[in-house]
Amino acid sequence: SNEHFNWDEYLKENGEVPAPSHCFKQPRTPPTNEFKIDMKLEAQDPRNVTSICIATVVGISGARLRLRLDGSDNKNDFWRLVDSSDIQPIGTCEKNSGMLQPPLGFRMNASSWPMFLLRTLNGAEMAPACIFKKEPPSPQHNHFKVGMKLEAVDRKNPHLICPATISEVKADDIFITFDGWRGAFDYWCRYDSRDIFPVGWCGMTGDGLQPPGNRVSIPKSIPATPSTPSRLPKRTMQSPQKSDDVTNQKNRKSIRGKRPGQSTS
Ligand code: MLZ
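One structure accompanies this document, and this report is about it.

Here is what the cut-offs are and how they apply
By convention here, each chain's residues receive numbers from 1 onward along its written sequence. Given that the model is predicted, a residue must reach a pLDDT of at least 70 before its local features are reported, and side-chain atom pairs must reach 80 or more before they are shown or counted; all residues, however, enter totals for whole chains, interfaces and linings. To obtain the side-chain values, all non-hydrogen atoms of the structure were used and water was disregarded. Definition used in this section: a nonpolar core is a set of buried Ala, Val, Leu, Ile, Met, Phe, Trp, Tyr and Cys residues joined via side-chain atoms within 4.5 Å. Partly exposed describes any residue whose relative accessible area lies between the buried limit of under 20% and the exposed limit of over 50%, with all areas from a 1.4 Å probe on protein chains only and scaled to the type maximum. Numbered from the N terminus, helices here are DSSP runs of H or I no shorter than four residues, and strands are runs of E no shorter than two. In what follows, a contact means two residues having at least one pair of non-hydrogen atoms within 4.5 Å. Here a residue is considered near a molecule or strand provided that any single heavy atom belonging to it is located within 4 Å of it. Identification of polar contacts relies on pairs of N or O atoms within 3.5 Å, with a donor-acceptor requirement for protein atoms, meaning one able to donate a hydrogen and the other able to accept it, and with residues adjacent in sequence counted only if both atoms are side-chain atoms. For the accessible areas, the method is Shrake-Rupley and the probe is 1.4 Å, while residue cover comes only from the protein chains on display. Each residue receives one of three labels: charged for Asp, Glu, Lys and Arg, nonpolar for Ala, Val, Leu, Ile, Met, Phe, Trp, Tyr, Cys and Pro, and polar for the others, Gly being one of them. We define a salt bridge as a contact between a side-chain nitrogen of Lys or Arg and a carboxyl oxygen of Asp or Glu at a distance within 4 Å.

Turning our eyes to something else, we now look at the nonpolar core. Of all hydrophobic cores here, the largest spans 32 residues; its most connected members are F144, L150, A152, I176, F178, Y187 and I196. Every element with two or more residues in this core is listed here: helix 1 (7–14), strand 6 (149–153), strand 7 (161–170), strand 8 (173–178), strand 9 (187–190), strand 10 (196–197) and helix 4 (201–205). At 4 residues, strand 7 tops the list of elements feeding residues into this core. In this structure A152 touches L160, I161, C162, A164, I176, F178, Y187, D195 and I196, once residues within four positions along its chain are discounted. By size, the runner-up hydrophobic cluster in this structure holds 16 residues, among which are F35, A43, V57 and V82.

Below, the discussion takes up the site of the ligand. Inspection of the region around the ligand gives D154, N157, L160, C162, F178, W181 and F185 as its neighbouring residues. With respect to the ligand, the side chain of D154 contributes an N or O atom lying 2.8 Å from a nitrogen atom. When the ligand is considered free in solution it has 340 Å² of accessible area, and contact with the protein chains removes 65% of it. A breakdown of the residues in the shell around the ligand according to their chemical character gives 5 nonpolar, 1 polar and 1 charged.

Turning our attention to unusual backbone geometry. Trans peptide bonds make up the majority, and among non-glycine residues the majority have a negative phi. One non-glycine residue, D38, adopts positive backbone phi at about 85°. With respect to the helices and strands, D38 occurs in the loop between helix 1 and strand 1 (40–45). Here the phi dihedral of S97 falls at roughly 50°; this positive angle occurs in a residue that is not glycine. Mapped onto the secondary structure, S97 falls in the loop between helix 2 (92–95) and helix 3 (113–121).

According to the stated counting rule, one finds 14 salt bridges in the structure shown. Between D83 and R194 there is a salt bridge, with the nearest N and O atoms lying 3.0 Å from each other. In this pair, D83 is assigned in the loop between strand 4 (78–81) and strand 5 (87–88) and R194 in the loop between strand 9 and strand 10, connecting sequence segments 111 residues apart. Residues D192 and R190 are paired through a salt bridge, measuring 2.9 Å at the closest nitrogen-oxygen approach. You can call D192 buried: its relative accessible area is 16%. Three or more residues are tied together by salt bridges with common partners; here these are E16, K149 and D179.

Encoded structure:
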């Protein structure tokens, strides 16, 4: 958590620069989170984005909500910012003459959906419209540069926000690598992704920032013999087409006794 990781020290030790806040599709001041557990709202089904479903807040962390679609199981929870355009107050769908849909993988027979919907909304605490925040504007261009530091959602463990680096920039896309971890968690995204935040974001929202991992990248061509971190080559870049995640995991090597600041990835 935040107590165990200090960006200032980390950046100083490595002579690195945070990505400036104007690079991000995030407000300068994070939105306040006034949602409460069990409140209901409408959310886009992440597995079927043309569907608007009923969701329940099952967790709260910083400016984010952990959501579960009503009628779905507990294995498909997802996280959204309180200013996400994917969520809206109950009634919005109907107002726009849309139909609330059962989630993908609805537990019951499709024919029971209308009754399920009535029951799930009956007596429910609906999140009031005033606690939904307006989505921030997108930066006009991709201002990210290779080497800039940031905080990013680990998409394989989406409850986690971790120290990360911009490792490649290609037109509107950026390659996010996680400090101290091998390629397994890295991903490409657009510069205006809502999953990336400026350094200090978690500190401001109270979301828990993970400490960097303690792994360094060892390219396949170089034997994985013990070596001092400073002599290890910089991580090899990965393109989205040829990810070597599997190989990387096999070659995983933990450098013990190394402080986070000495990570080479
Ligand atoms: N338990 C998992 C968490 C990894 C999180 C990495 N985030 C970049 C593991 O140790 O593999």
